[in-house]
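# Structure at a glance
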Amino acid sequence: MFKRIIALAILLMVVALSGCGDDKTAQKQQVSLAAAASLEKVFTERLIPMFNEKYPEIKIEGTYDSSGKLQMQIEQGLAADIFISASNKQMQSLMDKGYMDKEKTVPLLENKLVLIVPASGNSSMKSFSDIAAAKRPAVGDPASVPAGQYAKEALEKLGLWHEVSAKASLGTNVTEVLHWVAEGSADAGLVYATDAAASQKVRVVAEAPAGVLSKPVIYPMGILKQAPHMQAAEKFYAFLRSEEALQVFKEAGFAVVR
């Protein structure tokens, strides 16, 4: 009887240890993605399902927000594997602080800054500078939102930032600005071309004129040095650079950086 009890106890320990191993393996088979808010739709609707057709065992957990907020969360301990920023500024800052693997950080996409108005309205705006005439303009908060930083730079170049910012609503990310304009709570806003293309409730008036931005709107992608799921992250990283994934980005309105 005593031997049976000992045998049963050993069997239970083996099962328990086996279960822990399975949990550990399962935990490795995921990727924690921190990506700019303007990428959420293309990832959730197209790219993640495509990736899971190839790798059904790997779960992609996405956190989408302004690049500045994501940078801050990573610095505060967010266990991210891959970071995709809507600006080189946030990526470079994380690289300088030692968070990113420089050998696995690349420029991936390019976007455009555009002026939008509600599609259902009768706005008379025709040029990018006409945002100054808006009663309720909206832009991303330049303190943390790359689209807001680009907007501020462009409007300063045009001599309009003081006038626009005095009455503007500042979004916590570019998606919030898009929603405000789509819902009509803002009568004009500055967002990325890809955000505008994804919504039937807004109309693009104009792109930012040539010369108002010192640098193009580049989206870099990188793997963190301390990525908790490195092997799975490398598979997703390689997939996002593949021709089939880049074609999806193009269809969403992005330009691909070669």
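Everything numeric here is computed off the predicted structure, so don't read it as measured data.

Definitions and limits used
- The numbers attached to residues start from 1 for each chain and follow its sequence in the written order.
- In keeping with the predicted nature of the model, local features appear solely for residues at pLDDT of at least 70, side-chain atom pairs appear and are counted solely at 80 or more, and the whole-chain, interface and lining totals rest on all residues.
- With hydrogens and water excluded, all non-hydrogen atoms of the structure serve as input to the side-chain values.
- Helix and strand definitions follow DSSP, with helices as H or I runs of at least four residues and strands as E runs of at least two, each counted in order from the N terminus.
- With a 1.4 Å probe rolled over the protein chains alone, any residue whose accessible area is under 20% of its type maximum counts as buried; one over 50% counts as exposed, and the rest are partly exposed.
- Contacts are assigned to residue pairs that have any heavy atoms within 4.5 Å of one another.
- Residue-level accessible areas treat just the shown protein chains as cover; the underlying method is Shrake-Rupley with a 1.4 Å probe.
- Two strands make a pair as long as DSSP finds a minimum of two bridges between them.
- Structural elements are reduced to axes, namely lines fitted to C-alpha atoms, with helices fitted over the stretch in contact, and the angle between N-to-C directions of any two is expressed from 0 to 180 degrees.
- A cavity here means a set of 1 Å grid points, computed over protein atoms only, where a 1.4 Å probe fits but cannot escape. A pocket is an open set with protein on both sides within 12 Å along at least 5 of 7 lines, and lining residues have an atom within 4 Å of a point.
- Grid points are joined across faces, edges and corners, and a volume is the space filled by probe spheres set on the points.
- Only Asp, Glu, Lys and Arg are considered charged, only Ala, Val, Leu, Ile, Met, Phe, Trp, Tyr, Cys and Pro nonpolar, and every remaining residue, Gly among them, polar.
- Buried Ala, Val, Leu, Ile, Met, Phe, Trp, Tyr and Cys residues form a nonpolar core when they are joined through side-chain atoms within 4.5 Å.
- Roughly parallel means an angle under 35 degrees; roughly antiparallel means over 145; roughly perpendicular covers 65 to 115; every other angle is labelled oblique.
- Take the far helix as the reference: if the near one is turned anticlockwise from it by less than a right angle, the crossing is left-handed, and if turned clockwise, right-handed.
- Whenever a nitrogen or oxygen atom comes within 3.5 Å of another N or O atom, the pair is scored as a polar contact, on the condition that within protein one atom can donate a hydrogen and the other can accept it, and that pairs from neighbouring residues in sequence are kept only if both atoms are in side chains.

## Digging into the overall build of the protein chain
Secondary structure summary: the protein chain contains 10 helices and 11 strands in total. Considering the protein chain as a whole, with its 258 residues, one finds that 47% of them fall into the buried category. Sequence separation of at least 24 residues holds for 78% of the intrachain contacts in the protein chain that already meet a minimum separation of 6. Counting only carbon and sulfur atoms, one obtains 53% of the accessible surface of the protein chain, whose full area is about 13,100 Å².

## Observations concerning the sheet that holds strand β9 (residues 202-207)
In space, the five strands of this open sheet follow the order β7-β6-β8-β5-β9, with mixed pairing throughout. Two strands bound the open sheet, and with one partner strand each, they are β7 (169-171) and β9. Put simply, the sheet's adjacent strands are angled 35° from each other on average, direction ignored. When strand β5 (residues 113-118) meets β9, the two strands line up antiparallel, connected through five bridges. Bridging from a neighbouring strand, Pro118 pairs with Val202 of β9. Contacts from helix α5 (residues 146-157) reach β5, β6 (137-140) and β8 (188-192) within the one sheet, and its direction differs from that of β8 by about 115°.

## Things to note about empty space enclosed by the protein
Tallied over the full model, the rule gives one cavity of 30 Å³ or more. The volume enclosed by the largest cavity comes to roughly 50 Å³. Along its surface, the largest cavity is lined by 13 residues, and Ala37, Ser66, Ala86, Pro146 and Val174 are the ones closest to its centre. When the residues that make up the lining of the largest cavity are grouped by side-chain class, the tally is eight nonpolar, four polar and one charged.

## Brief notes about the nonpolar core
Judged by nonpolar contacts, the single largest core of 74 residues is most densely connected at Leu39, Phe43, Ile82, Phe236 and Phe249. Residue contributions to this core peak at six residues, all from helix α9 (residues 230-240). Setting aside its immediate chain neighbours within four residues, Leu39 contacts Ile84, Leu109, Tyr219, Phe249 and Phe254. With 10 residues, the next largest nonpolar core counts Ala80, Met91, Leu94 and Met95 among its residues.

## So, the packing of helix α3 (residues 67-75) against helix α4 (residues 88-96)
Relative to each other, α3 and α4 sit at 15°, their axes nearing to 9 Å. In terms of orientation, α3 lies roughly parallel with respect to α4. Classified by chirality, the crossing of α4 by α3 is right-handed. Together, Ser67, Gly68, Gln71, Ile74 and Glu75 of α3 and Gln90, Ser93 and Leu94 of α4 make up the contact between the two elements. Looking at the contact of α3 with α4 residue by residue, the class counts come to two nonpolar, five polar and one charged.

## Quick look at the environment of Ser123
Among the structural elements, Ser123 can be located in the loop between β5 and β6. For Ser123, a relative accessible area of 26% puts it in the partly exposed group. On a C-alpha basis, the gap between Ser123 and Asp187 in space is 8.1 Å, while along the polypeptide they are 64 residues apart. With near-sequence residues (within four places) excluded, Ser123 lies in contact with Val117 and Arg203. Of note is the side chain of Ser123, whose polar atom sits 3.2 Å from the backbone nitrogen of Met125.

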